[in-house]
Amino acid sequence: MMVPFRRKKTNKQFPVKVCTFDSELEFHLEHRATGRYLFELICRTIGLRETWYFGLQFEDSKGNLSWLKMDKKVQDQSVHMTNGSCMFIFLAKFFPENVAEELVQEVTQHLFFLQIKQAILSMDVYCPPEASVLLASYAVQAKYGDYDEAVCKPGMLISENLLPQRVIDQYQMTPQMWEERIKTWYADHRGMSRDEAEMEYLKIAQDLDMFGVNYFPITNKKNTEVWLGVTALGLNIYNKENKLLPVTTFQWNEILHISFDDRKFVVKTNDSKNPKPVIFYSQKLRINKLILDLCVGNHDLYMKRRKPDTMEIQQMKAQAKEEKQRRQVERNKLTREKQLREAAEREKAAMEQKLMQLQEEMRAANEALHRSEEAAELLAEKNRLAEEEAMLLSHKAQEVEQEINRMRMTARKTEEEKMYLERKTQEAELLTARMMEESRKRALEADKLKNELIHARVAEKEAKEKLLNFLSRTSTESILITPSSSPESPMHEMHSYDLLADGDMEQLSLEIEKERVEYLAKSKQVQNQLKELRSEIEQLKIGENQCPLDDINAEQLRLGETKYSTLKKVKSGSTKARVAFFEELEPEESIV
């Protein structure tokens, strides 16, 4: 009996591309692979453990944006193919209430930072101009590290995409002016690591009114168009022209039930003053499904935050705290090494400056010696000439004396000749006296020149001795300023440096515990900085380029309101606002 040949089943694979804001991942999945399998594969690849915030977004065959369902197969979800591959975007689907307390992993913080930064730059999230400049300075710190004037040259930040185009168009400011204002704050962030800069960015961004809000257009039965905002705290209702200030809000702890039937969406609350359910309509059934999905996920996280941390989260926080302490220790070590290196460089520069000064002094001493030698030679020449002139005068005096003797001998011949000779003798004697006086003066001058020559040679000798002493002292100091010859040099200290002691670790833990208190003080300082920048650029504002959101934000600043004070105010008057808004609605209909 022949057994028919059966071809072995093979699971064909299909390519998948997943884009994050800083990378692109490629996988090959089997046809039976589910969305959860792909999602977990991506999380393992990037080392993400806080998976509950994220999801995979894709464009379906009809061009609509959807989130990948975890329990269904990937190929059963009408994923649009691009160049033969299924394209997904790895995004944060849900947002935390407090980024500093909830985001544990550095990779989680980084992914949120990239997504929020892109949302602000693309103007999907409204950000005031002064806050945009501050956020840009933290983004530059996260990318380039500490400010270095030699590296951050004029024009370097102009090519960077740091500010929303809406902000740039609102002011009569050149790119160089914006760059200078960003650099001013960038220089203040010295010593801040990349993860710290990204966390500071998120702390400021979470106070923006549109942070973490998913907006959906909805209407009531009278076709009044409003916005429904799904947030980490609950549901907000906004006017069509105002996405910043909610008209009313429903927190998750006051919502009893959420459901939809086709395009109709129903929200039941525990408000005793207004027991009627809230009913609104979306444009499509698909939008209602997406709203419900976001509501369920945000509500689960809302309840999870208000319960004790699970063992997994406790372990993650402990690991994150240990890692933070370890990095702080390494950062302190690097800071000390940097300070020692800078001190060594400063000492080296001072020594080089001193060496240049000594060389300058030696050059001046050589020039002085050269001038002394020239003066000595000149005095020696003058002395020689004086001696020759004295000798000549001496010879002349001898000749005159001989002439006098001869004339005395001839004077005896006759009286007349005698008288004549006496007269001549008197004249000769006068001439001789003058010549003798001149000879004496020449001799005195010669003696004086000799003395000056002696003093010049003594000065020359002293100058030479001084130069020899100076050269010997210079060579001794050159030996002393050699860094490697001293056992206590900074480089030796750097090689013998140890880690922090246990006492330092305890001090570091105390500093980490004080972080929240310091953040409040820093927030006040940041607000003062924002106020100063706002008043500085106010005169350069172009009025016709202002959008309605700018006017709303200006009114909030004038009244001194923030995102949280607005939500508190809306919550306190929610019953009245809900009645005013939904008084046009029909009675509840039956829901399947």
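Parameters at a glance
- Counting of residues starts from 1 at the beginning of each chain's written sequence and follows it residue by residue.
- At least 70 in pLDDT is required for a residue's local features to be given in this predicted model, at least 80 for side-chain atom pairs to be given and counted, and no such filter applies to totals for whole chains, interfaces and linings, which use all residues.
- Side-chain descriptors were evaluated using all non-hydrogen atoms of the structure, hydrogens and water having been removed beforehand.
- Axes, fitted as lines to C-alpha atoms, cover a helix only where it is in contact. Angles between the N-to-C directions of the axes lie from 0 to 180 degrees.
- Only runs of H or I of at least four residues qualify as helices and only runs of E of at least two qualify as strands under DSSP, and these elements are numbered from the N terminus.
- Each angle is binned into one of four classes, with values under 35 degrees roughly parallel, values over 145 roughly antiparallel, values of 65 to 115 roughly perpendicular, and all other values oblique.
- Left-handed describes a crossing in which the near helix is turned anticlockwise from the far one by less than a right angle; the clockwise case is right-handed.
- The criterion used for residue contact is that any of the two residues' heavy atoms lie within 4.5 Å.
- When residue character is reported, Ala, Val, Leu, Ile, Met, Phe, Trp, Tyr, Cys and Pro are called nonpolar, Asp, Glu, Lys and Arg charged, and the others, Gly included, polar.
- Scored between 0 and 100, pLDDT is the confidence that the predictor attaches to each residue.
- For our purposes a nonpolar core is just a set of buried Ala, Val, Leu, Ile, Met, Phe, Trp, Tyr and Cys residues, chained together by side-chain atoms within 4.5 Å.
- In this scheme, a residue with accessible area under 20% of its type's maximum is buried, one over 50% is exposed, and one in between is partly exposed, where area comes from a 1.4 Å probe on protein chains only.
- When DSSP finds two or more bridges between two strands, those strands count as paired.
- Think of it this way: a Phe, Tyr or Trp ring, Trp meaning its six-membered ring, pairs with another when their centres are within 6.5 Å, and the plane angle makes it stacked under 30 degrees, edge-to-face over 60, tilted otherwise.
- Charge-over-ring placement is defined geometrically: NZ (Lys) or CZ (Arg) within 6 Å of the ring centre, and within 35 degrees of the ring normal.

Here we come to the packing of helix α4 (residues 129-144) against helix α7 (residues 194-205). At their nearest, the axes of α4 and α7 sit 8 Å apart, and the two run at 160° to each other. Between α4 and α7, the crossing angle belongs to the class labelled roughly antiparallel. Here α4 and α7 pass one another in a crossing that is left-handed. Mapping the contact onto sequence places Leu134, Leu135, Tyr138, Ala139, Gln141 and Ala142 in α4 and Arg194, Ala197, Glu198, Glu200, Tyr201, Ile204 and Ala205 in α7. A breakdown of the residues in the contact of α4 with α7 according to their chemical character gives nine nonpolar, one polar and three charged.

Time to look at the confidence of the model for the chain. When the pLDDT values of the chain are averaged, the result is 80; 83% of them are 70 or greater. The low-confidence segment residues 1-10, where pLDDT is below 50, has zero contacts with residues more than four positions distant or belonging to other chains.

Here we come to the nonpolar core. Counting 101 residues, the largest nonpolar core has Leu38, Phe88 and Phe90 as its most contacted members. Here this core takes nine residues from α4, the largest share from any one element. Discounting residues that sit within four places of it in the chain, Phe90 has contacts with Val18, Cys19, Thr20, Phe39, Ile42, Cys43, Ile46, Leu48, Phe54, Gly55, Leu56 and Leu111.

Attention shifts here to the packing of α4 against helix α6 (residues 175-186). In a pair of packed helices, the angle between the axes and the distance between the axes together describe the arrangement. Their axes nearest at 8 Å, the elements α4 and α6 cross at an angle of 65°. Viewed along their axes, α4 and α6 form a crossing whose handedness is right-handed. Counting all contacts with α4, which are made through Glu130, Val133, Leu134, Ala136, Ser137, Val140, Gln141 and Tyr144, the residues of α6 involved are Trp178, Arg181, Ile182, Trp185 and Tyr186. Taken together, the residues of the contact of α4 with α6 sort by class into nine nonpolar, two polar and two charged.

With respect to topology, seven strands assemble into an open sheet ordered β10-β9-β8-β7-β13-β12-β11, the strand pairing being antiparallel. Edge positions in the sheet fall to β10 (246-251) and β11 (255-261), since each has one partner strand and no second. Here the average twist between neighbouring strands, direction ignored, is 30°. Both strand β7 (residues 214-219) and strand β8 (residues 225-230) contribute to a ladder of six bridges, which runs antiparallel. Across the sheet, Phe216 pairs through a bridge with Leu228, a residue of β8.

Counting across every chain of the model gives 15 aromatic pairs. Aromatic pair Tyr215 and Trp227: ring centres 6.3 Å apart, planes at 85°, arrangement edge-to-face. Of the two residues, Tyr215 sits in strand β7 while Trp227 sits in strand β8, which places them twelve residues apart along the sequence. For Tyr215, a relative accessible area of 15% puts it in the buried group. Overall, the relative accessible area of 14% leaves Trp227 in the buried class. Both rings, one in Tyr215 and one in Tyr238, keep their centres 5.3 Å apart while their planes meet at 55°; by these two values the pair is tilted. With Tyr215 in strand β7 and Tyr238 in strand β9 (residues 234-239), the pair connects residues that are 23 residues apart, well separated along the chain. Across the ring face of Tyr215, the terminal group of Lys243 is positioned such that the distance to the ring centre comes to 4.8 Å. Cation over ring: Lys243 sits above Trp227, and NZ or CZ is 4.1 Å from the ring centre.

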